[in-house]
Amino acid sequence: MSDQTRTAARADVADLSLAEAGRRRVEWAERYMPVLRLIRERFADERPLAGVNLSACLHVTTETANLVKTLEAGGGRGGLSGGGVRGGGVRGAG
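In this text the structure is predicted, and so the values were computed from the model without any measurement. (Residues numbered from 1 in each chain as written. Predicted model: local features only at pLDDT ≥ 70, side-chain atom pairs only at ≥ 80, totals over all residues. Heavy atoms only, no water.)

### Let's talk about unusual backbone geometry
Part 1: One non-glycine residue with positive phi stands out, namely Arg-47, at about 50 degrees.
Part 2: Here Arg-47 shows up in the loop between helix H3 (34-46) and strand S1 (53-58).
Part 3: Note on Arg-47: relative accessible area 42%, which makes it partly exposed. (Helix = DSSP H or I, 4+ residues; strand = E, 2+ residues; numbered from the N terminus. Buried < 20%, exposed > 50% of the residue type's maximum accessible area, 1.4 Å probe, protein only.)

### Some words on the pattern of salt bridges
Part 1: Enumeration over the complete set of coordinates arrives at four salt bridges.
Part 2: Across the pair Glu-20 and Arg-23 runs a salt bridge, and its minimum N-O distance is 2.9 Å. One end of the pair is Glu-20 and the other is Arg-23, both in helix H2 (residues 19-31) and three residues apart, which spans about a single turn.
Part 3: Of the residues examined, Glu-20 reaches a relative accessible area of 41% and is grouped as partly exposed.
Part 4: Between Glu-46 and Arg-42 there is a salt bridge, with the nearest N and O atoms lying 3.2 Å from each other. Pair noted here: Glu-46 and Arg-42 are both in helix H3, with a separation of four residues, about one helical turn.
Part 5: In the salt-bridge network here, residues are joined through shared partners; they are Glu-30, Arg-40 and Lys-69. (Salt bridge = Lys/Arg side-chain N within 4 Å of Asp/Glu carboxyl O.)

### Focus: H3
Part 1: Taking 1.5 Å per residue, 13 residues should reach 18 Å; H3 reaches 18 Å between its end C-alpha atoms and fits that length.
Part 2: Where H3 is concerned, the buried positions are Leu-36, Arg-40 and Phe-43. One side of H3 carries all its buried residues, which in axial view fall inside an arc of 65 degrees. Away from its buried face, by an angle of more than 90 degrees, H3 presents the exposed residues Val-35, Leu-38, Arg-42 and Asp-45.
Part 3: Elements that come into contact with the buried residues of H3 comprise H2 and helix H4 (62-73).
Part 4: In the segment just after H3, Arg-47 is the residue with positive phi, at about 50 degrees. (Expected span 1.5 Å × (residues − 1). Arc of directions from axis to C-beta. Contact = heavy atoms within 4.5 Å.)

This is how it looks when you write it as structure tokens:
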């Protein structure tokens, strides 16, 4: 199952046609988060969160998406739910 299919099956997504643009935004943000990228590389080697279930309800942004990718690289499993959004168009990745 592809990542996009898996996301569609597990999440209430308003418009999956925006997925690729969101993915590009997450990749762009990652370039400006070198410390988190180093932690992700270390986590990928050490897997300190293997078997740990994680969940969070956060304001979802491209930065938050990179944090989730880092936790997953460390072996963590779980989900992220956007929360507390007020007003119009918040542009994030999920």
